[in-house]
Amino acid sequence: MNPALGYASIAAVTLATVLIGFFGVRISRTTSDFYVASRTVRPWWNASAIGGEYLSAASVLGIAGLVLLQGEAALWFPIGYTAGYLMLLLFVAAPLRRSGAYTVPDFTQARLESRAVRRVTSVLVIVIGWLYIVPQLQGAALTVGITTGLPRWVGAVAVAVIVGVVVAAGGMRSITFVQAFQYWLKLTAVAAPVVFVLLLQPGAAPTARAIADAFPPFAVERPEAVYRAVSLLIALLLGTLGLPHVLVRFYTNPDGPAARRTTLIVLCLLSAFYLFPVAIGMLGRVFMPGLAAGDPDALLLLLPAEILPSPYAEAVTALVIAGAFGAFLSTSSGLVVSLAGVISQELFGGSVRGFRIAAIGSVTVPLLIAAITDTAGLAGSVGLVFAFTASTLCPVLVLGIWWRGLTARGAIAGMTVGALACGAAIIVGPLLPGVPLLEQPAAWTVPLATLVMVLVSRTDRRRIPRGVDRTLALLHLPERP
Amino acid sequence: MTASGPAERPPQRVRVTAPRHDRDDRRPASAAASAEADPAALYVRTLIRSQRRLAIVCATAFIVVLVAVPLLFVLMPTLDDATVGGIPVSWIVLGAGLFPVLIAIAALYVRTAARNESRYRSLADDDA
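Residues numbered from 1 in each chain as written. Chains lettered and ligands numbered in written order. Predicted model: local features only at pLDDT ≥ 70, side-chain atom pairs only at ≥ 80, totals over all residues.

Some details on the overall build of chain A
Stage number 1. Each helix and strand counted, chain A has 21 helices and zero strands in total.
Stage number 2. The C-alpha atoms of chain A give 22 Å as radius of gyration, which agrees with the globular expectation for 481 residues (23 Å, within 12%).
Stage number 3. Expressed as a percentage of the 481 residues in chain A, the buried residues total 64%.
Stage number 4. Pairs at least 24 apart in sequence give 83% of the contacts found in chain A among residues at least 6 apart. (Helix = DSSP H or I, 4+ residues; strand = E, 2+ residues; numbered from the N terminus. Rg over C-alpha atoms; globule rule 2.2 N^0.38 Å. Buried ≥ 20, exposed ≤ 12 C-beta atoms within 10 Å, placed from the backbone. Contact = placed C-beta atoms within 7 Å.)

Next up, the structure:
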């Protein structure tokens, strides 16, 4: 691949990100601008920003790679990633917005009236954020390595530095614009190869035989494979609803109904987006089946040059590199914003200076983790982060919003058990390959955490928060028109 | 209010942590005790219950579709003999066909949830 193309695209998308970031800085003045963009963001902007933030390396590169590698079984990933927003809409969106809290720890503290719950939630949010930034940096390393020929660590360091600087300088206001821009950039990047292939119909048409080989009919799976698919879907459906960088966006809606409208638009935007990585994976199965043995995550980056004729190939490749790099920038910066919000409130009393220090800290740790761990499949490692979120923050949010009987002790016990069980599975899983219960733990860790939460709360009925009826009314009553 | 660290900017503090109300929580205790007698509290509980039921029904509907689709292809493998441009239908359905279902359920939910809220509002306003 021509390195100049790689350098140019990466420089262009970085410049655009920084420019939009600084354009936003001029408007962001107060502390609440830094945290939640003053709550004046319109649903379309907000939905685009959520889409931009959510569509990470796993979605942009990982899904096409997974379809190439696994075939039909991989199609559950985009369904799960999108349907997570349905669950978020049904169980969390409007009440969470009405709670009026900035972060997940704020919410749990307000609902359960306990500082201890707040601390446990904060630790979990920080761990989840770090775990989720790691695959973004690894994706950046892969992209920079393939497109420019530089050593892979350069990509990870570049993303970490850009994100740290932009977030520390601009806060969330500018991030909202950056994120909204990133969604449309990513959509263009994944759509372009598909559109150009359809328009130009390049090369020799594949034989019917090649197509039949690429797309085997629906296979009846063995029980382990079914378990893996179900467990993965549970993780994706429920994990979304605890992702800190997604939840923090809901506070920027003006009211509950706007939060619902935003989520509905997000569902449409994600549905449109995911058609393309799937289509690229399918094109890859026909035109580049050999790549499955190498770097399947690089399919999107390599496909245009493989099948498009000359001027188009370079143009589309440049766009694709920009979109992929944009994905690492946007997801990481969203995560860093929410992490920095939590860390600065815990340690620095929520000041703007504290937010800046925390933002730098939030990119440094994942960079170190990325440096010492190996790139597993991008979609797979992000799937494990979803399992962890689903086993910890999801039950406390859903029970907190819908069940009067949740107590602080129950919440802490459930989150701790969920974190330990799922964390152990994530750490032990790679050491004992071939054990489905460890590879995809969500199917048992989520019910376990929820059960512990309910049972401990039941034994603790006297400690139901005294303000519970008021808090629940605050969460569920419609705003005054 | 449970102060989290030294509050250096009071107005921002108030907006950061929601529970402004847990300072004077003698009142909610009595409100809870009279929940059955007080029609306002009853309306709130009814609203929460109907929203919860709606959310569960919508989630169940989606999960039923999610389980039914693969089951259909397992039970009737001949369905996949049909192809679009050489691609079996199951690929099309899983790759694109479930998204409209998702959006439809979500749109239905948004409408019904808003209707539950306006019903609550008219009950509460009648009462006041």
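Here we look at the nonpolar core
Stage number 1. Counting 195 residues, the largest nonpolar core has A:Leu86, A:Val159, A:Leu300 and A:Ala324 as the members making the most contacts within it.
Stage number 2. Ranked by the residues each element gives to this core, the list is headed by helix α9 (residues 153–200) of chain A, at 20 residues. (Core = buried A, V, L, I, M, F, W, Y, C linked by C-beta atoms within 7 Å.)

A short note on the packing of helix α11 (residues 223–239) of chain A against helix α20 (residues 442–458) of chain A
Residue and element names in this part refer to chain A.
Stage number 1. At a minimum axis distance of 8 Å, the contact between α11 and α20 shows a crossing angle of 50°. Here α11 is positioned oblique relative to α20, judged by the angle of their axes. Contacts between α11 and α20 involve Tyr227, Val230, Ser231, Ile234, Ala235 and Leu238 from the former and Ala442, Ala443 and Val446 from the latter.
Stage number 2. Taken together, the residues of the contact of α11 with α20 sort by class into eight nonpolar, one polar and no charged. (Axes fitted to C-alpha atoms, helices over the stretch in contact; angles between N-to-C directions. Parallel < 35°, antiparallel > 145°, perpendicular 65-115°, else oblique. Nonpolar A, V, L, I, M, F, W, Y, C, P; charged D, E, K, R; others polar.)

Some points on helix α15 (residues 310–347) of chain A
Residue and element names in this part refer to chain A.
Stage number 1. Along its 38 residues, α15 runs 54 Å from first to last C-alpha, staying within 8% of the 56 Å computed at 1.5 Å per residue.
Stage number 2. Taken across its 38 residues, α15 has 31 buried, putting it largely inside the fold.
Stage number 3. Just downstream of α15, Gly349 is the residue with a positive phi angle, here 65°. (Expected span 1.5 Å × (residues − 1).)

So, the confidence of the model for chain A
All names here are of chain A.
Stage number 1. Here chain A averages 85 in pLDDT, while 92% of its residues score no lower than 70.
Stage number 2. Ranking the elements of chain A by mean pLDDT puts helix α2 (residues 31–36) last, at 48, and α20 first, at 96.
Stage number 3. Under a pLDDT of 50 for its full length, residues 27–38 has, in the predicted model, 32 contacts with residues more than four places off or in other chains. (pLDDT = per-residue confidence, 0-100.)

Describing helix α5 (residues 76–91) of chain A
Stage number 1. Compared with the 22 Å implied by 1.5 Å per residue over 16 residues, the 22 Å span of α5(A) between its first and last C-alpha is a close match.
Stage number 2. Of all 16 residues in α5(A), 16 are buried, a share of seventy percent or more.

Quick word on the confidence of the model for chain B
Residue and element names in this part refer to chain B.
Stage number 1. A residue-level look at chain B finds 70% of positions with pLDDT of 70 or above and a mean pLDDT of 76.
Stage number 2. In this model, residues 1–8 is a region of pLDDT below 50 whose contacts with residues beyond four sequence positions or in other chains number 16 contacts.
Stage number 3. Here residues 10–35 is a poorly scored stretch, pLDDT under 50, and it has 48 contacts once near neighbours within four places are set aside; other chains count.
Stage number 4. Interface scoring of the predicted complex returns ipTM 0.88; its pTM is 0.86.

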